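Secondary and tertiary structure notes
Spelled out, the chains give:
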Amino acid sequence: MSYEFTLIQGDGIGPDITDAAVKVIEHAGVKITWDMQPAGLSAIEKYKDPLPQETLDSIARTKIALKGPLTTPVGKGFRSINVALRKEFDLYANVRPAKTYPGIKTLYDHIDLIIFRENLEEFYSGIEHYIDSSRSAAETIGIVTRRGCERILRYAFDQAMKKGRKKVTAVHKANILKYTSGLFLDVAREIAKEYPDLEFNDKIIDNMAMQMVLNPYQFDVIVTTNLFGDILSDLASGLVGGLGMAPGANLGPDVGIYEAVHGSAPDIAGKNLANPAAIILASVMLLEHIGEIEAAQRIERAVASVIAEGKYVTKDINPLNYVGTKELTNAILKKLDK
Ligand code: NAD
C-alpha cells in the first residue's frame, strides 16, 4: 500500500530531523509520497505568511502530517503556528508517551507513561489582552468546556483500554481553580465510572509534579488540561533522558499531526548536533495509527538498539562521546537492514 501525507520540515533543526525520519520510514519499506509544505519562519521568508493556505489545504486533503518544530517569537510577533494548526483541524488530543530506552542515563529505569493533554482550551486559546492603554495589566481568559473535558478524558480512557494499561490519573487544580479545573475533575470522575476495569485516581498538579519525580512508577496514563499537560509532558521527557527522545501526536476527529515534543533548537541548528530520535519515534506513532504496525515496531527496535549500543548517539545523550544527526540516522538505517 502507498500513502500520501504532508511533510512540514519546520525551522531550526527541523529540516535535518525530518529528513532523518523520512529516510527511516522509507528504509522500513513503507511507501509514502510526501507533499512538502512550508510553515513557520521559513514560510514567512518565502510567502510572507507563517501558515500559508496551501499548507492547510494539503493537510486537509492528506489528513496526516509529519511536522518539524516551528519557531514562535516570544512575547511579540505572530501567534504560535502550532496552536493555529491545532485550532484549524480541531486537534483536541495531544498524546505524549514517555518511555526509557536502555543506554540513556536517567533517574529511573523502565518508565513507560503516556500523557494525554487537552490541546485546544483553557489558557492556550489565545484570548488575552492588556486591560488598559498604558499596558499596566494584562488578562488571559481560560475557558474550559464540558465537551472539551469529555473528549480528551474519553479518548484517554479508551486508549488506556486499547493499550492494555491499568490506571488513569486525572491531574487538576480544582482546590483553587474551582470552576475550570473543578469542571475537568467532575467530568473525569463521571467518565471513570464507565471504565470499571481501569483504576482511577486524581492528583493536584503541584503534588503531581513532585510525585512524578519522587516515584513515577505509581503512574501509567495521565490525563490533564492544556497548560498542566504542556509542563508535565516536558517533566516526563526529563525523566526519560530529555527532549531528544520524546515524540508527540496532535489528534482530532479527521486529522493527525505528528511531531517531536522539542522545539526548533536554534542554538544547535545547522550544526549536525540534533538528535532525530524524537521525530523518528513520532513517525512510529504515525505508522501505528495507519496500521503499519510491523514497520513501526521494526523502527522502534532499531532506534532502541542503536541507543543501547551507545556507539552512535548524539551529544544530548552522551556529551563526552557523540556523533552527529546524520551518523545516528545512518546507524538506524543499518539496523533496519539486518
Ligand atoms: P527547544 O526544545 O527548541 O530547545 C531546548 C533545549 O533542548 C535546547 O538547548 C536545545 O538545543 C535542546 N534540544 C531540543 N531538541 C533537541 C534535539 N532534537 N537534539 C538535541 N538537543 C535538542 O526549546 P526552546 O529553546 O524553548 O524553543 C525554541 C523554539 O522552538 C521557540 O521558538 C519555541 O516556541 C519553539 N517550539 C516549538 C515547538 C513545536 O513546534 N512543537 C515546541 C516547543 C518549542
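Residues numbered from 1 in each chain as written. Predicted model: local features only at pLDDT ≥ 70, side-chain atom pairs only at ≥ 80, totals over all residues. Heavy atoms only, no water.

Overview of the overall build of the protein
Per the secondary structure count, the protein includes 11 helices and 12 strands. Radius of gyration (C-alpha) of the protein: 20 Å, near the 20 Å computed for a compact globule of 338 residues. Judged by the C-alpha coordinates and their principal axes, the protein covers about 55 × 50 × 45 Å. Relative to its full complement of 338 residues, the protein shows a buried share of 53%. Of all intrachain contacts in the protein linking residues separated by at least 6 positions in sequence, the fraction that spans at least 24 positions is 73%. Just so you have it, the protein exposes about 15,700 Å², and 53% of that area is on carbon and sulfur atoms. (Helix = DSSP H or I, 4+ residues; strand = E, 2+ residues; numbered from the N terminus. Rg over C-alpha atoms; globule rule 2.2 N^0.38 Å. Buried < 20%, exposed > 50% of the residue type's maximum accessible area, 1.4 Å probe, protein only. Contact = heavy atoms within 4.5 Å. Areas by Shrake-Rupley, 256 points an atom, 1.4 Å probe, with all protein chains shown as cover.)

Some remarks on the packing of aromatic side chains
Inspection of every chain in the model, using the stated rule, returns seven aromatic pairs. Their ring planes at 80° and their centres at 6.3 Å tell us that Tyr92 and Tyr155 sit as a pair that is edge-to-face. You can see Tyr92 sitting in the loop between helix H4 (81–88) and strand S4 (93–99) and its partner Tyr155 sitting in helix H5 (residues 146–162), a full 63 residues away along the chain. Connected via pairs of aromatic rings, a cluster forms that spans Tyr3, Phe5 and Trp34. Its end group placed over the ring of Tyr124, Arg117 keeps NZ or CZ at 5.3 Å from the ring centre. (Phe/Tyr/Trp six-rings, centres within 6.5 Å; stacked < 30°, edge-to-face > 60°. Lys NZ or Arg CZ within 6 Å of the ring centre and 35° of its normal.)

Details of the side chain of Ser264
With respect to the helices and strands, Ser264 occurs in the loop between strand S12 (256–260) and helix H9 (277–289). For Ser264, a relative accessible area of 7% corresponds to the buried category. Within the structure, Ser264 has its side chain in polar contact with the side chain of Thr71 (distance 2.7 Å). Beyond its immediate stretch of four places on either side in the chain, Ser264 contacts Asp11, Gly12, Ile13, Pro69 and Thr71. (Polar contact = N/O pair within 3.5 Å; in protein donor to acceptor, adjacent residues only side chain to side chain.)

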